[in-house]
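So you can see what is in the structure, the chains are spelled out below.
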Amino acid sequence: MANKQVAWRISDAESLAVRAIKPDRAHYGDDLMHDMMLHVLKQKERFDPWIESSDLNMAANALLILCSRINSMITRYLESALNSFKDKGGFAENMTKERINAQRQQSVKEGAPQCPICGAPMIKRFAKRGANQGNAFWSCSNYSTTGCKGSRSINPR
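Residues numbered from 1 in each chain as written. Predicted model: local features only at pLDDT ≥ 70, side-chain atom pairs only at ≥ 80, totals over all residues. Heavy atoms only, no water.

Thoughts on the sheet that holds strand β1 (residues 122-126)
Inclusion rule: Any two strands between which DSSP finds at least two bridges are classified as paired. Working definition: helices are DSSP H or I runs of at least four residues, strands are E runs of at least two. Numbering for both runs from the N terminus. The axes are straight lines fitted to the C-alpha atoms, using for helices just the contacting stretch, and the angles between their N-to-C directions are given from 0 to 180°.
Taken in spatial order, the 3 strands make up an open sheet running β1-β2-β3, and their pairing is antiparallel. At either margin of the open sheet sits one strand with a lone partner, and together these are β1 and β3 (151-153). Each neighbouring strand pair of the sheet contributes to a mean axis angle of 30°, computed without reference to strand direction. With 3 bridges joining them, strand β2 (residues 136-140) and β3 adopt antiparallel strand pairing. Pairing of Ser139 across the sheet is with Ser151, part of β3.

Examining the pattern of salt bridges
Using the following cut-off: Salt bridges are counted wherever a side-chain nitrogen of Lys or Arg sits within 4 Å of a carboxyl oxygen of Asp or Glu. Exposed residues in this analysis have more than 50% of their type's maximum accessible area, buried residues have under 20%, and partly exposed residues fall in between, with area computed by a 1.4 Å probe over protein chains only.
Applying the stated criterion across every chain, the model contains 4 salt bridges. In this structure, Asp24 engages Arg46 in a salt bridge whose closest nitrogen and oxygen atoms are separated by 3.4 Å. Remark: Arg46 occurs in helix α2 (residues 32-51) and Asp24 occurs in the loop between α1 (13-20) and α2; sequence separation between them is 22 residues. Classification of Asp24 by relative accessible area gives partly exposed; the value is 32%. Residue classification places Arg46 among the partly exposed residues on the basis of a relative accessible area of 29%.

Remarks on the nonpolar core
Stated precisely, the cut-off is as follows: We define the nonpolar core as a collection of buried residues of types Ala, Val, Leu, Ile, Met, Phe, Trp, Tyr and Cys that are connected through side-chain atoms lying within 4.5 Å of one another.
In terms of nonpolar packing, the biggest core is built from 10 residues, these being Trp8, Val18, Ile21, Phe47, Trp50, Ile51, Met58, Ala62, Ile65 and Leu66. Where this core is concerned, the elements lending two or more residues are α2 and α3 (56-88). Sorting elements by how many residues they give to this core places α3 first, with 4 residues. Grouped together as the second largest cluster of nonpolar side chains are 7 residues, Ala112, Cys115, Cys140 and Cys148 included.

Structure, rendered in structure tokens:
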């Protein structure tokens with residue numbers, strides 16, 4: 001005898017009952033993993049009448065609704081992460097900004113000259129190629145953000 005599966009319609013009473021359950025807000029303490037697992041188990045219990053049912057059709061339909069909910073949550077998270085990336089940049093980009101700010105602060109402490117073009121503090125850099133390869137020079141700290149190409153040579157003492 002075949003087990004005939006029937007998909008719930010969005011208006012079916014069981015479908016409405018499962019969809020009506022909203023997750024509780026999580027409250028985590030010092031033991032994050034333990035508290036997280038307890039929260040997940042507590043949330044699962046709310047769906048047990050459907051997902052632990054001996055009626056496999058009921059369990060399958062309830063799980064499909066939960067999968068759809070998870071898919072929506074992941075989609076919203078990815079959209080939020082993309083918007084955050086657009087507004088604030090990515091990890092490597094933010095690390096570069098932090099490094100440049102640290103270099104700028106260090107240069108100010110060491111009495112570095114100001115950029116002759118924009119007036120920003122200059123950063124000590126080393127030429128990577130050309131006739132001056134390996135030699136130190138002052139470069140505008142705004143180069144990476146505004147493209148300012150102010151530079152000065154460092155006179156050996």
